[in-house]
Structures are given as C-alpha cells and as structure tokens.
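Okay, here's what each chain looks like letter by letter:
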Number of protein chains: 2
Amino acid sequence: MDELKPIQNTGLRGVSIASTKISDVDGAKGKLIYRGYLAKDLAGQVSFEEAVYLLLYEKLPDADELGELKKQLISQRALPSELIAALATRPKDALPMDILQAAVAMAAHHDPNAKIHSREAASRIAINLIAKFPTIVAAWDRIRNNKEPLEPNPDLDHAANFLYMLNGVIPDDEIAGFFDTCLLLHAEHSFNASTFAAREVASTKAHTYASVAAGVGSLSGALHGGANTRVMEMLLKIGSVDKVEDYVKNILATGGVIMGLGHAVYQTDDPRAHILAPMSKTLGERAGDTKWYDLSVHLEEVAKQAFKEKKEREIYVNVDFYSATVYYYMGIPTDLFTPIFAIARIAGWAAHVIEEQFAGAAPKPALYRPESDYVGDYCGPDECVYVPMDER
Amino acid sequence: MDELKPIQNTGLRGVSIASTKISDVDGAKGKLIYRGYLAKDLAGQVSFEEAVYLLLYEKLPDADELGELKKQLISQRALPSELIAALATRPKDALPMDILQAAVAMAAHHDPNAKIHSREAASRIAINLIAKFPTIVAAWDRIRNNKEPLEPNPDLDHAANFLYMLNGVIPDDEIAGFFDTCLLLHAEHSFNASTFAAREVASTKAHTYASVAAGVGSLSGALHGGANTRVMEMLLKIGSVDKVEDYVKNILATGGVIMGLGHAVYQTDDPRAHILAPMSKTLGERAGDTKWYDLSVHLEEVAKQAFKEKKEREIYVNVDFYSATVYYYMGIPTDLFTPIFAIARIAGWAAHVIEEQFAGAAPKPALYRPESDYVGDYCGPDECVYVPMDER
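About the thresholds
- Residues numbered from 1 in each chain as written.
- Chains lettered and ligands numbered in written order.
- Predicted model: local features only at pLDDT ≥ 70, side-chain atom pairs only at ≥ 80, totals over all residues.
- Heavy atoms only, no water.
- Pairing = 2+ DSSP bridges.
- Helix = DSSP H or I, 4+ residues; strand = E, 2+ residues; numbered from the N terminus.
- Domains from an automatic or database assignment.
- Buried area = accessible area lost by both parts, 1.4 Å probe.
- Salt bridge = Lys/Arg side-chain N within 4 Å of Asp/Glu carboxyl O.
- Core = buried A, V, L, I, M, F, W, Y, C linked by side-chain atoms within 4.5 Å.
- Buried < 20%, exposed > 50% of the residue type's maximum accessible area, 1.4 Å probe, protein only.
- Contact = heavy atoms within 4.5 Å.
- Disulfide = S-S within 2.5 Å.
- Polar contact = N/O pair within 3.5 Å; in protein donor to acceptor, adjacent residues only side chain to side chain.
- Nonpolar A, V, L, I, M, F, W, Y, C, P; charged D, E, K, R; others polar.
- Least-squares fit on C-alpha atoms with pLDDT ≥ 70 in both.
- Expected span 1.5 Å × (residues − 1).
- Arc of directions from axis to C-beta.

A. Looking closely at the sheet that holds strand β4 (residues 37-38) of chain B. All names here are of chain B. Strands sit in the order β2-β3-β4 across an open sheet of 3 strands; the sheet is antiparallel. The open sheet terminates on both sides in strands that have one partner only, identified here as β2 (23-26) and β4. Pairing of strand β3 (residues 31-34) with β4, which is carried by 2 bridges, proceeds in the antiparallel orientation. In the strand pairing of β4, Y34 is matched with Y37.

B. Just the domain arrangement of chain A, in detail. Residues and elements named next belong to chain A. You can read the domains of chain A as domain 1 (23-224 + 338-358) and domain 2 (227-329). With centres defined by C-alpha atoms, the gap from domain 1 to domain 2 works out at 26 Å. Counting each side, the surface lost to burial between domain 1 and domain 2 is near 2,000 Å², with a carbon and sulfur contribution of 63%. Contact with domain 2 buries area across many residues of domain 1, yet F178, L185 and H186 alone supply 24% of it, more than any other trio. The interface formed by domain 1 and domain 2 includes 2 salt bridges. We note a salt bridge from D172 to R286, for which the minimum N-O separation is 2.5 Å.

C. Main features of the nonpolar core. The biggest cluster of nonpolar side chains holds 259 residues, and the ones touching the most others in it are F133 of chain A together with F133 of chain B. With residues near it in sequence (within four places) discarded, F133 of chain B still touches L100, V104, V212, V216, A342, I343, I346 and W349 of chain B. By size, the runner-up hydrophobic cluster in this structure holds 16 residues, among which are L12 and A18 of chain A together with F196 and Y368 of chain B.

D. Structural detail: the state of the cysteines. Residue and element names in this part refer to chain A. This model, assessed by the stated rule, comprises 2 disulfides over all chains. Across the disulfide from C379 sits C384; the S-S distance is 2.0 Å. Here the S-S torsion is close to 105°, and the disulfide linking C379 with C384 is therefore right-handed.

E. Up close: the sheet that holds strand β2 (residues 23-26) of chain A. Residue and element names in this part refer to chain A. The strand order across the open sheet formed by 3 strands is β2-β3-β4, and the pairing between neighbours is antiparallel. Edge strands, defined here as strands with exactly one partner in the open sheet, are β2 and β4 (37-38). In the sheet, β2 pairs with strand β3 (residues 31-34) via 4 bridges, with the strands oriented antiparallel. Paired with D26 across the strands is K31, a residue of β3.

F. Here's a closer look at the interface of chain A and chain B. Of the residues lining the interface, 112 residues belong to chain A; the matching set on chain B comes to 112 residues. Seen at the junction of chain A and chain B, the total is 6 salt bridges. Here E383 of chain A and K31 of chain B are joined by a salt bridge, their closest N and O atoms 2.8 Å apart. Linking chain A to chain B there are 68 residue pairs in polar contact (both at pLDDT 80 or more). It is helix α5 (residues 96-109) of chain A that contributes the most residues to the side of chain A that touches chain B, 8 residues altogether. Of the residues assigned to the side of chain A that touches chain B, the class counts are 59 nonpolar, 28 polar and 25 charged. In this sheet, strand β1 (residues 16-20) of chain B lies alongside strand β5 (residues 371-374) of chain A in parallel orientation, the contact comprising 4 bridges. By the bridge assignment for β1 of chain B, Y374 of chain A is matched with T20 of chain B.

G. Here's a closer look at the relation of the copies chain A and chain B. Between chain A and chain B, which share one sequence, the superposing operator has a rotation angle of 180° and an axial displacement of 0.0 Å; the RMSD is 0.0 Å. Here the two chains are linked by the operation of a two-fold rotation axis. Taken as a fraction of all interface residues of chain A, those also at the interface in chain B reach 100%, which identifies the copy contact as same-surface.

H. Seen up close, helix α3 (residues 63-76) of chain A. Residue and element names in this part refer to chain A. The terminal C-alpha atoms of α3, which comprises 14 residues, lie 20 Å apart, in line with the 20 Å expected from a rise of 1.5 Å per residue. Three or more residues of α3 are buried, namely L66, L69 and L73. Buried residues of α3, viewed axially, fall in a sector of 65°; they line one side. Turned more than 90 degrees from where α3 packs its buried face, A63, D64, K71 and S75 sit exposed. N-cap assignment for α3: the residue whose side-chain oxygen lies 3.1 Å from the backbone N of D64 is D62.

Here is the structure:
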C-alpha cells in the first residue's frame, strides 16, 4: 500500500483513505478479518446474528447478549402496513435492488430515530434495517408474483425466517445453516464500493437510512453486487460442462470477462470461496444433480489454466463464483442474489456508518470532499466569454 | 493541490482524485466555472434550462436546441399516478429530503431506461429527473399539508412552474427570475460530497436513479445541503439585529459554528454569495421589511471582524448564507431549502454520472474502491482465537 503515489483517475485503488477497526482484507494472504476474527473461523461456528453482534458491538456475545439481540431483531422484522401499501403501488417488473433502495429510504419515514443524530439512534436504526431487509426482499418477491407477503415467523432465526418468508416453507436445518453461513460470509468487507458510498453519505451527518440507501444503490451496480447474478446467468448460458473450453477460449479471444473471477483486492483465492464451494457441492448432491457445481469447478480449472497460458497471470475465484450456484440450488430467483448480498452486507454498512459518524478510529475532518482536476478546454486556456443566444 | 501527501483520515480534503470537464472550483480565486463559463457571468443571463443544456451537452444552446430541451423537460414533468399513490402512503411528518430520496429510487421503477446501460439511456434519465424533481418536492409539500398536488403548468418555465406547483400562484417575473438564478447558481460544484457520492455509485455501473438517490442522501446531511436550512434557523433564533454581537461572542466562546460561514474549498468569498445578497435585499424591500437581510449583513460583518480579532483568520460567507433569506422571503418553508438545492444540483449530478460512466476525461479503473488501514487491536497484534459461546 503506497500512499504517496499520484491517485488521480485510479478509482482510489490501493490507496488507504481511512482507519477502521471493523474489518481487514489482506488481499495478498487471502485473509478476511471481522473485528479480530478470521471470517473463515467464524463460518459454520457462529450464526449471522452473532456476527451482527460482533460487528456492531466489537465482541462476540455471551448467551444473554445474543438472546437480547435476537429478541430485538425479531421484534423489528415486520414492515409498517403503509410500507407494504407503498410497495403494492410499484410496477411488478421493477428491479428488486431498485425496490430495496426505495424501501430503505421509505423506512426512514416511519422511524423517529431518523431525526436524531446520536450513536444510540444510529444503533437502533442498524437493528431496524438488519431486521427488515429480509422482510422487504421476501415481501417484494411475493408482491410481484401476486402473492400476499407472509408475516415473519418469530420462532425462526434470521436466515431460516427469510427463506420461510420467501417460499412459505420452513427450510430444514442444513439449508438454513448454509444460508446463515452465506449471510455471515457476505456481512462485511471493509471499504468496498457500497460501504464506501454509505460512509461517504454518512460523513455529511446524513442519517443511516440515507447512507444505507446509497450502499444499496452502489451494490446494485453490475461491477459490484450485481456480479453474483451475472455468474449464474453465465453458467446458465454455458449450459453444460462440455461447453466450458469453448466458452473460455471465446472470452479470451474477444477480450470479455469471466464473471466471478478476479477481485479488486485479493491476489489469491477469496477465502469465502473455499467455504461456499463445498456447500454448492452438497446442495447439488441433495438435489440429485451436481451439474451446476461441476460446471463451476470445471470453469474455474479451465479459466485458471487459460489465464496462466495466454495471459501469463494467475486468476482466482471470488465470493460471487460459488455463491451463485448455492443460491440457485436453494431455488432462489437469480435476480434476488444481489438483494441477498444486501441482506448480509447491511450488517457491515451499519457498523461503518456508526464508525464514520461516532467512533472514527482516528480523527478526520467531517465530510469526504475530494478535489478534481479540471481539464475542460472549451475556450482554450482562458474562460469562455459569454455570448447572448442570438449572437451564438 | 498536493497529491503526494498522506491522505489517510483527511476526508480526501485537498486531494485530486479524478479529472473532469464539467466544472472547476478555484477556491483561492473564488472562481466557479461551468464547462468553460464563469457561473457569475451566466447568472441573470441564461435560464436554468440553458445551464442544464450546457452541463449535459457541453455548450450553450441555440434557440432551436433550447426549445427542444424545454419541450422534453415539460413533457416529463408529471409524476406517474402510481408514484403519487406511493407518496400518499408516506407519513406526513417525514423529512422532505427523505421523501425525495425515496421518490428518486421509485422513479426508476417506472422507467425502462433504468434497465439499459448506455449513454443515451443515461441522458434520457437525466432529463426525466431534472424535469421531475420540482414536481416531487411540490407534490410532497401539498400532500403533507392535505392538499391535492397540482398538475405542472406547461406554459411556465422550470423555475416559475415549481413555485406555481408549490403555492398554486403563478409568480411574477422578478420572483421567477430570482429563483431561476438561484437554481443556476446551485446547479453544479465539482466533486462536492453529494456529487462524489453519486459518482461513486455510478462507478459500479449502477443506473442514474440509484446514483442520484445517493446524491440526495448525501445532500440531506447537516454538513452539506442541510446547511441552508440551518442558516435560516440560526437567523430566526438570533431574531433581531441588536442580538448579533452577543450571538457571535457566545458562539466564539463556546466553540460553536456560525452557519453559512466558511467552506471546504473557498478561501475567499463564495462567488455565488455576491449574487444572492442583492436578491435578498430586493426581496426584503419588496416585502416592506429588510429585517432578515439586514440581520444577515450585520452578522457577516460582525463575524468577519470577530474571526479576524479572536482567531486571527479571515472567514467568508458561502452560498448558503444569503440563499436562506432569499428563499425565506419567497415564502418557502425552511425545510424545503435543501430539496430546492437538490432541484438545482440534479443537473450537475446527472452530468457527473454520465461523465463517470461514459465520458471520463481520463481513463480510470472502473469502480471507486479505496483501501483502509485496519487498526483493530482486539487480540493484540494477532488474530483472535475463536472460542465457543459457553467458554466465553
């Protein structure tokens, strides 16, 4: 990390702009750390709710603390009836991420905490948003399919309750557990584009809803959260294992991109991919058809080999590569993959908004306000002289 | 501008992160340039619509070009009935900026261009949003006051039509002209926090609605667009010219802030303030009461003097300082001052989203993705060892 090189038009890539205590991504070593813990050590050991506690309150909870958090989350799951009414006015073909962004902004309208600038209010909003994200995504999927949204089930944990609200069926423990781990693995990833957007908005002292709505907008981009949907679309397009070689050859020849390969930060395997891949395999076996898993594995091998031979560089799978088939095997519509990413990442966004506004690891001037280099040359080096319209 | 100093925890202040052809803010000289033209030269000469043309299409329009743009804007002003229906579900005490953010996100649901990633689609969305911002703000003010929203009046220009939709009265030419100039002066200001937020979201290839919703969220912050409302609240709190000295003395003694003074970029008078101050005076004279203008002028003098004496530095008024009383004299509710800022700034946001996605002045890697410095020391220099809950 070199802070001293020119950073204009680099997308701030490789440039450290702030201190944080929330998480660390060591791209060279392939390490992802949440508040001191390796995410891979937590995966399968702690629930998403425990990870939420860790991210928001800086330590793993004891049983009482976790019980209290779960109670708060359960009590905040239901959407105000006016918010359901607003969703019912929305065109059925609206993009789910666009619905989520609007719903986050609308959630502010129902919460008096939005008018209070304090750490306590921000923490209450964090719980409210973490609790409501699954309900919003599931409610919208049912509304657009002309079904009634389902009430949250207070007997179910966070992950299981989402799958229940989406499908109307209580998932078995293995599926719920896998989905829970997926949420944990997507919960936080330092200054990625959506988190940076949320922090940027929060830096003006805007409230958490306004900030998180920016995060949702950023995550909706095809280059960011949209990538997991595009991985599945790619796999469906390839269609079968025997088409993989031709597909990769064609992509390399035409300068295209293989979705789910490469990452802005990792220069080795994304540690999350190692946990997601076996899940995909198990889910394929459960479904009696490992085709999509097998296709993914083969695509990874062929692409890695081709990059080494043709481009003389290593390429690695990222978190999107195997999460795509995991969600697909769970029967989740592909255009909900990115909203599910958001259901997880809201935990990180909320922690970052609180850190930005109330607990910065180091003092910094309020408000991100960079400079830009004006290269307009509309009238040469001088300013243009105004000319009235009839003389133009 | 020094690109070589460390930039961690500086809020990117003074650091150039990108090239742009849209505008230039010369903080030392107090110059604001839109696509080659000094904004102060355009003020009072060109309409907001002409400035929109300049910002979007890089030149001042001829009569035909302006006529075509105005026609497009007028045709896009009305809100879909489903959007009005959604606004009608919102709690009446919702903050107007929070309503605007939700409405921008919802506007995407009605526009097939949101699903097309092209410069043409982005330009169409730009016109749609510029046209609809005034309608959204005026409709919400009427809905929250239990009045029917008014249909846009196609015979009126952009500025006059907003005041008509807000008040139900067609403004006279002087008022409409002043408001038009206010919009022009707030239309664009390079990489300010809200524009940077919009560009950040756009850099992921998210569409213009998602990006602009982030801009609205950022502008809602008390440190950014929220400042003009807070200037007026401050003036109302001071109450009369004879209280100014005590107010300034008290603020300096308690380390408080005088709203509307100081700026992240300008080290001299904000060029926009020079145009807004005489407007405020004229509007006061028209109202037969220059009290708020007089109070502002006196506050500026006393504060400048006090800063020089007590803090040994110059302080200058910014754009918010005199725009507050201009809007107040026009009878606009103080909590609409920031939405009005947005009605103007949407022109700049839209131009920046297009530049970010399709016309970058210099090539840059897609997606703003900075690094952060992890300073979590939860388990000393090492990673924490996971311990099951019952052993914690």
